[in-house]
Amino acid sequence: QLACPLDLGCHSVSKLTINHIQVNQAPKGRRRTYRAHGRINAFMSNPCHIELFAEARETNIEKAAAPAEAKKRSVRVLRRLVNGASATKAVAAAPSQ
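The numbers attached to residues start from 1 for each chain and follow its sequence in the written order. In keeping with the predicted nature of the model, local features appear solely for residues at pLDDT of at least 70, side-chain atom pairs appear and are counted solely at 80 or more, and the whole-chain, interface and lining totals rest on all residues. Each side-chain value is worked out from all heavy atoms of the structure, with water and hydrogens disregarded.

A. Local environment of the overall build of the protein chain. Counting from the N terminus, the helices are the DSSP runs of H or I reaching at least four residues and the strands are the DSSP runs of E reaching at least two. Helix and strand counts for the protein chain stand at 2 helices and 4 strands. Each helix (α) and strand (β) of the protein chain, taken in turn from the N terminus, gives the series β-β-β-β-α-α. Going through the 97 residues of the protein chain one by one, you find that 6% of them count as buried. Per element, the accessible surface of the protein chain, about 9,100 Å² overall, is 54% carbon and sulfur. In this scheme, a residue with accessible area under 20% of its type's maximum is buried, one over 50% is exposed, and one in between is partly exposed, where area comes from a 1.4 Å probe on protein chains only. Here the accessible surface of atoms and residues is derived via Shrake-Rupley with a 1.4 Å probe, and residues count as covered only by protein chains that are part of the display.

Below, the structure written as structure tokens:
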């Protein structure tokens, strides 16, 4: 959970912007788990250290416009296009779905 330190002049968490995230491996933990019939198995844990830096920004960054999606075509139409048929003939000859 992000906290907003008042001594740095930040007054609300909503104005914070994450500008760096880094995850590092921590030393592995080894324990034992005791099973039936006297068996003992390893009980391993894989912890990590997470660094997260956030800073307060005054200006809002606008979200980039989503790219226009390419028209999806069936495999039959694409094969016809590769083989040299024109796009209009291939689309006209393809069955409608």
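Don't stop here, the text continues.
B. Local environment of unusual backbone geometry. With a phi angle near 60°, His-37 is a residue other than glycine that sits in the positive phi range. Under the relative-accessibility criterion, His-37 is labelled exposed at 79%.

C. Examining the environment of Glu-58 more closely. As for its position among the elements, Glu-58 is in the loop between strand 4 (48–56) and helix 1 (75–82). By relative accessible area, which is 71% here, Glu-58 ends up exposed. Along the chain, Glu-58 and Lys-15 lie 43 residues apart, while their C-alpha atoms are 7.5 Å from each other.

D. Layout of the pairing of strand 3 (residues 40–45). Here strand 2 (residues 29–34) pairs with strand 3 via 6 bridges, running antiparallel. Bridge pairing links Thr-33 to Asn-41 in strand 3. When DSSP finds at least two bridges between two strands, those strands are taken to pair. Hairpin connection of strand 2 to strand 3: 5 residues between the antiparallel strands, including His-37 at a positive phi of 60°.

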